[in-house]
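# Geometric and topological summary
Residues per chain are reported as follows:
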Amino acid sequence: MKNFLSDKKYRIAASILDCNFLELNREIKKVMALGIDMLHLDVMDGSFVSNISIGQPVISRIRQHAGLKLDVHLMINNPDKHIDSFISAGADIISVHVETCPHLSWTLRHIKQCGAGAAVALNPATPVSSIENVLPYLDMVLIMTVNPGFGGQAFLEEMLPKIKKLKSMLEEYKKSSGGKRKILIQVDGGINPETAARVMAAGADIFVLGSALFNADDPGIVIRKINEILV
Ligand code: DX5
Ligand code: ZN
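Reference entry: report on the structure contained in this document.

Bringing the overall build of the protein into the picture now. Helix and strand counts for the protein come out as eight helices and eight strands. Computed over its C-alpha atoms, the radius of gyration of the protein comes to 16 Å, within 12% of the 17 Å expected for a compact globule of 231 residues. Each of the three principal axes of the protein carries a C-alpha extent, and together these read 45 × 40 × 30 Å. Total accessible area on the protein stands at roughly 10,200 Å², and carbon and sulfur atoms take up 51% of it. The positive charge centre, built from 25 side chains, and the negative charge centre, built from 24, are 6 Å apart in the protein.

Among the secondary structure elements, Val146 is positioned in the loop between β6 (140–144) and α5 (159–176). Note on Val146: relative accessible area 4%, which makes it buried. In the structure, Val146 is positioned 22 residues away from Pro124 in sequence and 6.6 Å away in space, judged by C-alpha atoms. With near-sequence residues (within four places) excluded, Val146 lies in contact with Pro124, Gln153, Ala154, Phe155, Leu156, Asp188, Gly189 and Gly190.

Most often, soluble globular proteins keep nonpolar side chains buried together rather than apart. Ile16, Leu39, Ile131 and Phe207 are the most contacted members of the largest nonpolar core, which totals 69 residues. For Phe207, the residues in contact, after removing those within four places along its chain, are Tyr10, Arg11, Ile12, Ala13, Val187, Ile191, Ala196, Val199, Met200 and Leu230.

Attention now goes to the coordination of the zinc ion (ligand 2). Taken together, the protein ligands of the zinc ion (ligand 2) are His40 (NE2), Asp42 (OD), His73 (ND1) and Asp188 (OD), with distances of 2.0 to 2.3 Å. Considering all six donor atoms around the zinc ion (ligand 2), angles at the metal cover 71 to 172 degrees and the coordination shape is octahedral. Read from N- to C-terminus, the donor residues coordinating the zinc ion (ligand 2) fall into the pattern H-x1-D-x30-H-x114-D. With His40 in strand β2 (residues 38–44) and Asp188 in strand β7 (residues 184–188), this residue pair connects regions lying 148 residues apart in the sequence. Summarising the burial analysis for this pair, His40 and Asp188 share the class buried.

Let us now look at the site of ligand 1. Around ligand 1, 19 residues are found, and the nearest of them are Ser15, Gly152, Asp188, Gly190 and Ser211. At a separation of 2.7 Å, an oxygen atom of ligand 1 approaches a polar side-chain atom of Ser15. Measuring from an oxygen atom of ligand 1, one finds a side-chain N or O atom of Asp42 at 2.8 Å. With the chains in place, 99% of the 380 Å² that ligand 1 exposes on its own is no longer accessible. Those elements giving two or more residues to the shell around ligand 1 turn out to be β2 and β3 (69–75). Examining the composition of the shell around ligand 1, we find that three residues originate from one element, β2, more than from any other. Residues belonging to the shell around ligand 1 are distributed by class as follows: seven nonpolar, 10 polar and two charged.

Enumeration according to the criterion identifies one aromatic pair in this entry. Arranged with centres 6.4 Å apart and planes meeting at 80 degrees, the rings of Tyr10 and Phe207 form a pair that is edge-to-face. One end of the pair, Tyr10, is in the segment before β1 (11–15); the other, Phe207, is in strand β8 (residues 206–209), and 197 residues separate them in sequence. What makes Tyr10 buried here is its relative accessible area of 10%.

Okay, the sheet that holds β7 next. If you trace the eight strands once around the closed barrel, you get β1-β2-β3-β4-β5-β6-β7-β8, paired in parallel fashion. Within the sheet, the average angular offset between the axes of one strand and its neighbour, ignoring direction, is 25 degrees. Summarising the sheet, β6 and β7 pair through five bridges and their orientation is parallel. Bridge pairing in β7 places Met144 opposite Asp188.

What counts as what
Residues numbered from 1 in each chain as written. Chains lettered and ligands numbered in written order. Predicted model: local features only at pLDDT ≥ 70, side-chain atom pairs only at ≥ 80, totals over all residues. Heavy atoms only, no water. Helix = DSSP H or I, 4+ residues; strand = E, 2+ residues; numbered from the N terminus. Rg over C-alpha atoms; globule rule 2.2 N^0.38 Å. Areas by Shrake-Rupley, 256 points an atom, 1.4 Å probe, with all protein chains shown as cover. Lys, Arg positive; Asp, Glu negative; His and termini not counted. Charge placed at Lys NZ, Arg CZ, Asp CG, Glu CD. Buried < 20%, exposed > 50% of the residue type's maximum accessible area, 1.4 Å probe, protein only. Contact = heavy atoms within 4.5 Å. Core = buried A, V, L, I, M, F, W, Y, C linked by side-chain atoms within 4.5 Å. Donors = N, O, S within 2.8 Å, 3.2 Å for Na, K, Ca; no water. Tetrahedral: all angles 85-135°; square planar, octahedral: opposite > 155°, others 65-115°. Near = heavy atom within 4 Å. Polar contact = N/O pair within 3.5 Å; in protein donor to acceptor, adjacent residues only side chain to side chain. Nonpolar A, V, L, I, M, F, W, Y, C, P; charged D, E, K, R; others polar. Phe/Tyr/Trp six-rings, centres within 6.5 Å; stacked < 30°, edge-to-face > 60°. Pairing = 2+ DSSP bridges. Axes fitted to C-alpha atoms, helices over the stretch in contact; angles between N-to-C directions.

All quantities given are derived from atomic positions and should not be read as evidence of function.
So, in structure tokens, the structure goes:
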């Protein structure tokens, strides 16, 4: 994941889960025109989470039409079985849930060997200590700030101290690597201009916006507010 956040203080990822799927092309172009940094694509299997969403065929179509980084969030059991096909479909970054990976360091190494950015996602109840042994393989950590499965849920306040704890773990790791290894923190769930300020203060680098963007009358105003708050 070269130059992933090299020149920016923060990044905005648009989650299309709550967009109008009948107008997918138009919806994606609309948010791209607002200057977002990446598309966050939520893959759900109806097993790890109760919802079922999109898969490789939709992602490969998006890849053909959107010149943005594709950040693929796998909320599926047994992700090892599908990593190669999601990377072939066009994923630039893959997040696997720690709760679904019995051999996490192998999984993350495999993602990197295939040329994508490797990230791990943590459910709200999963402690940050669960990833302390896999930091060398990580480009990003995704902190779920709602329980995964649906857009439009309320931000969980108790995730703020968790983000702070992760931030200090990652700062320590960066120091021990002589400043070479900066692992980014992504937050996903209930992010809007109001919660974004607090998660940024806690240490987040990448902000996933779903319903706050796609359900807004004017998503341009939402992005403007976020930029005013975070800059
Ligand atoms: C939820 C997904 C999110 C979701 C966020 O499980 O991982 O990416 O789309 O939606 P909001 O921003 O509405 O919470
Ligand atoms: Zn997500």
